[in-house]
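# Understanding the architecture of this molecule
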Amino acid sequence: MILCCGEALIDMLPRKTEDGAAGFAPYPGGAVFNTALALARLGAETGLFTGLSRDLFGQRLENVLRLNAVNSDRIARSDRPTTLAFVTLTDGQAEYAFYDENTAGRLLAQADLPQDLTGVEALFFGGISLAVEPCADAYEALCLRAPEAQLIMIDPNIRPDFIADAERYRARLARMLAVADVVKLSDEDLIWLEGDGDLASLARGLLDKGPKLVLITEGRDGVTAYSASGAVQVPAQAVEVVDTVGAGDTFNAGFLAGLSEAGMLTKAAIAKGLDKAVLTTALSLGVAAAAVTVSRAGANPPQREDVAI
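Residues numbered from 1 in each chain as written. Predicted model: local features only at pLDDT ≥ 70, side-chain atom pairs only at ≥ 80, totals over all residues. Heavy atoms only, no water.

### Focus: the packing of aromatic side chains
- In the structure shown here, the tally under the stated rule is 7 aromatic pairs.
- Judged by centre distance (5.8 Å) and plane angle (70°), the rings of F49 and Y139 are edge-to-face. One end of the pair, F49, is in strand β4 (residues 46–49); the other, Y139, is in helix α3 (residues 135–144), with 90 residues separating them in the sequence.
- You can call F49 buried: its relative accessible area is 0%.
- Look at Y139 and you get buried, because its relative accessible area is 0%.
- Ring geometry for F86 versus Y99: centroids 5.4 Å apart, planes at 75°, classification edge-to-face. Taken together, the residues F86 in strand β7 (residues 84–90) and Y99 in strand β8 (residues 93–99) connect sequence positions 13 residues apart.
- Overall, F86 belongs to the partly exposed group, its relative accessible area being 27%.
- The exposure class of Y99 is exposed, given its relative accessible area of 52%.
- A network of ring pairs unites the aromatic residues F24, F86 and Y99 as a single cluster.
- Sitting over the ring of W192, R170 keeps its end group 4.1 Å from the ring centre. (Phe/Tyr/Trp six-rings, centres within 6.5 Å; stacked < 30°, edge-to-face > 60°. Helix = DSSP H or I, 4+ residues; strand = E, 2+ residues; numbered from the N terminus. Buried < 20%, exposed > 50% of the residue type's maximum accessible area, 1.4 Å probe, protein only. Lys NZ or Arg CZ within 6 Å of the ring centre and 35° of its normal.)

Written as C-alpha cells, this is what we have:
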C-alpha cells in the first residue's frame, strides 16, 4: 500500500450561478487527497492518513474515498470543521485562499499518528499540511520515524502566501528531505526553496541534501528527473488546458503508480538507481495522467484505462 499523508479539504471552485452571477461550488480536494484519489484510480493500493472532520464536508470527502477504494482506516476523525480553499483561475492557472484555522486537518497532533504501518510500502507527504502547526510537526514526526524499508516521497507543493514562518518551514523541509528517497518540485517551488539559478544545478544541489531522485516539473515543458547517474527528461503532452487544479498531484500519483507497476516501489530500487526505461515509463505515466486532469474542470484524475502508457 502507498499511504498518502497530508490534507483533505474542500476546494471552492469558481462557477456561474443559474442567473449568471459569479459564485463558488464545493469540490473534494487538497494536494494529498488528490494524490491518493489519483493513485487509487490508477490501480494502486492506496490509503490516506489525515485529520478529517465529521461535518458535512468531511462526510463528502470520506464518501469519495470509499467510492474510489482508498483505505481510510488510519484517518484521525474529529468534530472540528473542514479546511476550505477558495480557488481563483487566471488563464487556467489556480491561486488559492485557505481558511484553515482550528480545523480537523490543521489541529492533527502527534498523538493522532498511526502506530501500525504494516503493509505500507511507501509514504507520500506534501501540501499545505507541511507548512502549519501542529499538523506539520506531526507529519514530520511520522516521516522521520518511518521504518527504513519504506520508500518516502515528498512534494511540498509550496504556497508562499500560506507560509507564516518561512525559516521554520524551510528547516522542517530540510529535515524531511534529508530522509526522503524521491522529491518532486515544480520549477517555481525549486526557485523558492533554493534561490535563483539554473534549474539543473539547483536540482543536483538537492541530491547532496539526501534525496536519491529529484523530479522537477516545468508545466508545458514537461518533467526532468535528476539522480547520481544523470538526467532523464519527458516532455509534456499537448492538450487543451481547462485548469491546472490537481495537475501536480496527479503527476505524483502516476509516477508512484508507474514504479509500483514495474515492481520498483522500494527504497532499495531508488538507492540503486532506476533503469532508464523504468524511470521514463513512470515519468510518462505521471505526465499522461496529469494531461487528462488538466483537460477537465477541477481535480478529476483519470482511471488507469484512460491513460495509454
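### Quick look at the side chain of T250
- Position of T250 relative to the elements: it lies in helix α7 (residues 247–261).
- In this structure T250 touches A38, G286, A289, A290, T293, P301 and P302, once residues within four positions along its chain are discounted. (Contact = heavy atoms within 4.5 Å.)

### Details of α3
- The element α3 is largely enclosed, with a buried count of 8 among its 10 residues.
- Looking only at α3, the buried set comprises C135, A136, A138, Y139, E140, A141, L142 and C143.
- Looking at the buried positions of α3, the neighbouring elements they touch are β1 (2–5), β4, β5 (51–53), β9 (122–126), β10 (151–155) and α4 (166–177).

### Some thoughts on the packing of α3 against α4
- Contact geometry for α3 and α4: axes closest at 10 Å, N-to-C directions at 15°. As judged from the angle between their axes, α3 and α4 are roughly parallel. The two elements α3 and α4 meet at a crossing, and its hand is left-handed. Of α4, the residues touching α3 (which contributes A136, D137, Y139, E140, C143 and L144) are R168, R172, R175 and M176.
- Along the lines of polarity and charge, the residues of the contact of α3 with α4 split into 5 nonpolar, no polar and 5 charged. (Axes fitted to C-alpha atoms, helices over the stretch in contact; angles between N-to-C directions. Parallel < 35°, antiparallel > 145°, perpendicular 65-115°, else oblique. Left-handed = near helix turned anticlockwise from the far one by under 90°. Nonpolar A, V, L, I, M, F, W, Y, C, P; charged D, E, K, R; others polar.)

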